[in-house]
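As a plain string of letters, each chain reads:
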Amino acid sequence: MTDLYDLASKDRLAFWADQAKRLFWHKPFTKTLDWSNPPFAKWFEDGQLNASYNCLDRHVIAGNGDKVALLFEGEPGDTKTYTYSELLSETKKAANALVGLGVQAGDRVAIYMPMIPETIIAILAVARIGAVHSVVFGGFSSESLRSRIDDAQAKLVITADGGYRKGKAHPLKEAVDQALADGNCPSIEHVLVVERTKNEVSFGPKDLWWHEALEAAASEHVAVGFDSEHPLFILYTSGTTGKPKGILHTTGGYLTGASYTHKTVFGLKSETDIYWCTADVGWITGHSYVIYGPLVNGVTQVIYEGTPDSPSFERWWQIIAKYQVSIFYTAPTAIRTFMKIGREIVDGHDLSSLRILGSVGEPINPEAWNWYHQVVGGSRCEIVDTWWQTETGSILISPIPGAFKTKPGSAQRALPGISVGIVDENGVPVERNVAGYLTIDEPWPSMLRGVWGDPTRFKETYWNKFPGKYFAGDGARFDEDGDIWLLGRIDDVIKVSGHRLSTAEIESALVEHHWVAEAAVVGAKDEITEQAVVAFVILRQDEIADAPSETDIAKILRDWVTQKIGAIARPRQIMVVTELPKTRSGKIMRRLLRDVAEGKPVGDVTTLADSSVMSAINDKLHSGASD
Ligand code: WTA
């Protein structure tokens, strides 16, 4: 593995060209990178390829069609296996069905689905015809779905009658109906519905059953090559403003990054490994490490529909033992949840098949790292703590198994081919053991190519703070050995159970309620979920004449946020206050509110316009008058 570091440091571009050549190119590229107009990068620009062909046809043509691609485990216990050949023939039919519905290369298709094989088939079918998928996590509300459909001007939605979660059929089609109600989302021409839970759904003139469309479709479909920079997908993620942004990834560079990192970081032995990443395809981890990375690399992987506690907390460990999973990739939140329950749940299962354990989404604290290592990994498995973002497309910082000794809590090194720095406010590199801002100093193939429809936002958010460098939004420091420790976000993005949310987005949802005059949201430290949403609201007294109790108000507002954004954004606590702490220039001092929410002594209040505000909030908290 040290060879990779050497190769990449000798000639970074030649290194990336070699990684890209692991893909099948319909037309080989001759140019590796065009960085003449930063921050707009073009990778492998004159090459052409097809993402779906790289995930499927290629393996079948190479004689591996009978290899199992997906081991699907439904939450109710139903199972289904797909070989690469089977996945390919379903994808071909789905591609033909999409073409039949008038979907063309470049059109956007929204996907709002549970974690079932059809979701993967739908994604690969969209990519196969050069259309652009925009997967919307099934836990997002109909309003969130609506705004994402509108922003991308999607032509089609693919959804399901429902998905199983926590023992219940979670409705999805209903949310699509709500999103499209009253003539909303006029760009949508059709809705394709996969039958999963058989719960009743209403069908209108735009709706079609997936199975009927596939049955009627021709079974042969020839994948053509698209330009390397052809858009592959948009994925909406939270930033510092109220409106989620559509992160755009293109084909050649993204596939190179996803497949190279999947192979390298997990030390893949594609012949024998059984791989399982627990992420939902609604997030970037599901895109890069359930769909594209693993399928390009031709592995056998487990897909599980439900939650870890259904029907009991044994479920994950049973799945690992049943399928002999050798590589397991999950989030620290899950590890901390199991830590709290106790090791007996895990100890009761034979996990000897495990070889590599991955962590993603938030910093993993050393206690959780050690528990993961000892209890899940039997002190035998390597742990890879992988740092990356929706924007980076693939893992950028992580240990490589066997390359050097791992350290609990540190993501360690930039991968070969990636160049990172840690700088102060003025862009000057900081000394070791000094905290600073994490930057990525050279372009990399799977970098975002833009924010959908908003080139200015792309430049301003990521490239203006430190000219020429990508600003990640995370704090970090190098330790004395040069290993990297991630210190969390330095902006208003928060991480709740590994899910990315923006405080501004939750604030704007709250102030849309007619009771709320002003809202401030903070991410308070939480033992299990890393951060939890805590909101402070000022009410409009004129609007709540027949005043419900504060507890009722808080409950109603929490439900409101669920309805507006989705259950993942539901505040853990809402505090009704009469004033918010502001500086003389009118900026809300969230740091002070975070102290209150975390039950810590409130820090320096001297910059407040009115320093008595914090004591009023504190007094209120201690008198117990919060939700
Ligand atoms: C955080 C998830 C520490 C970080 C793949 C980043 C991490 C944000 C780690 C991106 C890690 C992700 N250690 N922090 N190993 N992995 N993060 O876009 O703050 O959902 O900026 O992508 O998650 O979140 P996103």
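Residues numbered from 1 in each chain as written. Predicted model: local features only at pLDDT ≥ 70, side-chain atom pairs only at ≥ 80, totals over all residues. Heavy atoms only, no water.

Student: Got a minute to help me understand the packing of aromatic side chains in this structure?
Tutor: In this description, a pair of aromatic rings is defined by centroid distance and the angle of the planes. Under the counting rule described, the total for this entry stands at 39 aromatic pairs. With 4.8 Å between their ring centres and 70° between their planes, F266 and Y329 make a pair best called edge-to-face. Placement of the pair is F266 in the loop between α10 (251-265) and β16 (274-277) and Y329 in strand β18 (residues 327-330), with a sequence separation of 63 residues. We classify F266 as buried; its relative accessible area is 0%. Given a relative accessible area of 0%, Y329 falls into the buried group. (Phe/Tyr/Trp six-rings, centres within 6.5 Å; stacked < 30°, edge-to-face > 60°. Helix = DSSP H or I, 4+ residues; strand = E, 2+ residues; numbered from the N terminus. Buried < 20%, exposed > 50% of the residue type's maximum accessible area, 1.4 Å probe, protein only.)

Student: Mind showing me how you'd approach the sheet that holds strand β24 (residues 470-478) here?
Tutor: In a beta sheet, neighbouring strands pair by backbone hydrogen bonds and run either parallel or antiparallel. Taken in spatial order, the 4 strands make up an open sheet running β21-β22-β24-β25, and their pairing is antiparallel. Both edges of this open sheet fall to β21 (420-423) and β25 (484-489), since each of them pairs with a single strand only. Between one strand axis and the next, the sheet turns through 45° on average, direction left out of account. (Pairing = 2+ DSSP bridges. Axes fitted to C-alpha atoms, helices over the stretch in contact; angles between N-to-C directions.)

Student: Honestly, unusual backbone geometry in this entry has me stumped. Any pointers?
Tutor: Leaving glycine out, the prevailing phi sign among residues is negative, and the prevailing peptide bond configuration is trans. Between P38 and P39 the backbone carries a cis peptide bond, its omega angle lying at 5°. Checked against the element boundaries, P39 lands in the loop between β1 (33-34) and β2 (42-43). Residue P311 is reached from S310 by a cis peptide bond, and omega for that bond is -5°. With respect to the helices and strands, the residue P311 is situated in the loop between β17 (300-304) and α12 (315-323). With phi around 50°, Q153 is a residue other than glycine that occupies positive phi space. Considering the arrangement of structural elements, one finds Q153 in the loop between α7 (142-152) and β8 (156-160).

Student: What is the right way to look at the pairing of β18 in this model?
Tutor: Alternating residues of β18 divide into I327 and Y329 and F328 and T330, and every residue in both groups is buried. Direction of pairing for β16 relative to β18: parallel, over a ladder of 3 bridges. Directly across from C277, in β18, lies its bridge partner Y329. Bridging between β18 and strand β19 (residues 356-360) involves 4 bridges; their strand directions are parallel. Directly across from T330, in β19, lies its bridge partner S359.

Student: Please explain the site of the ligand as it appears in this structure.
Tutor: Every one of the 17 residues lining the ligand counts as a neighbour, but D385, T386, T390, D474 and R500 are closest to it. One nitrogen or oxygen atom from the main chain of E362 is found 3.4 Å from a nitrogen atom belonging to the ligand. Take T386: an N or O atom from its main chain is 2.7 Å from a nitrogen atom of the ligand. Here the ligand, which alone exposes 530 Å², has 97% of that area covered by the protein. Sorting the residues of the shell around the ligand by element identifies α11 (284-296), β20 (382-386) and β25 as the ones contributing at least two each. Class assignment of the residues belonging to the shell around the ligand gives a composition of 6 nonpolar, 5 polar and 6 charged. (Near = heavy atom within 4 Å. Polar contact = N/O pair within 3.5 Å; in protein donor to acceptor, adjacent residues only side chain to side chain. Areas by Shrake-Rupley, 256 points an atom, 1.4 Å probe, with all protein chains shown as cover. Nonpolar A, V, L, I, M, F, W, Y, C, P; charged D, E, K, R; others polar.)

Student: Help me understand the sheet that holds strand β14 (residues 231-237) in this model?
Tutor: The strand order β12-β11-β8-β6-β7-β14-β15-β23 describes an open sheet built from 8 strands, whose pairing is mixed. The open sheet has two free edges, formed respectively by β12 (207-209) and β23 (450-451), since each of these has just one partner strand. Relative to strand β7 (residues 132-135), strand β6 (residues 108-112) runs parallel, the two sharing 4 bridges. By the bridge assignment, R108 is partnered in β7 with V132. Each of β6, β8 and β14 is contacted by α7, which is oriented at about 140° to β14, the strand it contacts most. Running at roughly 145° to β14, α11 makes contact with β7, β14 and β15 (245-250) of the sheet. (Contact = heavy atoms within 4.5 Å.)

Student: Would you explain the packing of helix α6 (residues 117-128) against α11 in this entry?
Tutor: To characterise two packed helices, one gives the angle between the axes of the helices and the distance between these axes. In the contact formed by α6 and α11, the axes pass within 11 Å of each other and the chain directions differ by 70°. It follows that α6 is roughly perpendicular to α11 by the angle criterion. For α6 against α11, the interelement crossing comes out right-handed. Contact residues: I120, I123, L124 and A127 in α6; V290, I291, Y292 and L295 in α11. Among the residues forming the contact of α6 with α11, the class breakdown is 8 nonpolar, no polar and no charged. (Parallel < 35°, antiparallel > 145°, perpendicular 65-115°, else oblique. Left-handed = near helix turned anticlockwise from the far one by under 90°.)

Student: Honestly, the side chain of S502 in this entry has me stumped. Any pointers?
Tutor: Summarising the element assignment, S502 is placed in strand β27 (residues 499-502). A residue is classified by how much of its surface remains accessible, and S502, at 0% relative accessible area, is buried. Separated by 3.2 Å, the side chain of S502 and the backbone oxygen of G239 make a polar contact. For S502, the residues in contact, after removing those within four places along its chain, are S238, G239, T241 and D492.

Student: I tried to follow the pairing of β25 on my own but got confused; where do I start?
Tutor: Along any regular strand the residues' side chains alternate between the sheet's two faces. Bridge count between β24 and β25: 4 bridges; the pairing is antiparallel. Counted as the bridge partner of R477 is W485 from β25. The antiparallel pairing of β24 with β25 creates a hairpin that spans 5 residues between the two strands, and G482 there sits at a positive phi of about 85°.

Student: Any chance you could explain helix α13 (residues 332-341) here in plain terms?
Tutor: Working note: α-helix, 3.6 residues per turn, so residues spaced by three or four point in the same direction. When we look at burial in α13, the residues that qualify are P332, T333, A334, I335, R336 and F338. Elements in contact with the buried residues of α13: α12, β18, α14 (344-347), β19, α15 (366-376) and β29 (530-539). Of the residues trailing α13, G342 is marked for its positive phi of about 115°.

Student: Any chance you could explain the nonpolar core here in plain terms?
Tutor: Note that soluble globular proteins tend to have their nonpolar side chains buried in a common cluster. Of all hydrophobic cores here, the largest spans 156 residues; its most connected members are I158, Y292 and L510. Per element, the largest residue contribution to this core is 8 residues, and it comes from α6. Excluding anything up to four places from it in sequence, L510 contacts V516, A519, V521, A535, V537, L557, W560, V561 and I574. Membership of the second largest hydrophobic core comes to 29 residues, among which are W317, F328, W369 and Y372. (Core = buried A, V, L, I, M, F, W, Y, C linked by side-chain atoms within 4.5 Å.)

Student: Explanation requested: the pattern of salt bridges in the structure shown.
Tutor: Scanning the model with the defined rule gives 38 salt bridges in all. Measuring nitrogen to oxygen at the nearest pair gives 3.3 Å for the salt bridge that ties D151 to K243. Within this pair, whereas D151 is found in helix α7, its partner K243 is found in the loop between β14 and β15, the two being separated by 92 residues in sequence. On the basis of relative accessibility, which here comes to 25%, the residue D151 falls in the partly exposed class. A salt bridge links D559 to R570; its shortest N-O distance comes to 2.8 Å. Taken as a pair, D559 in helix α18 (residues 550-564) and R570 in the loop between α18 and β30 (573-577) lie far apart in primary sequence, 11 residues in all. Classification of D559 as partly exposed rests on a relative accessible area of 30%. (Salt bridge = Lys/Arg side-chain N within 4 Å of Asp/Glu carboxyl O.)

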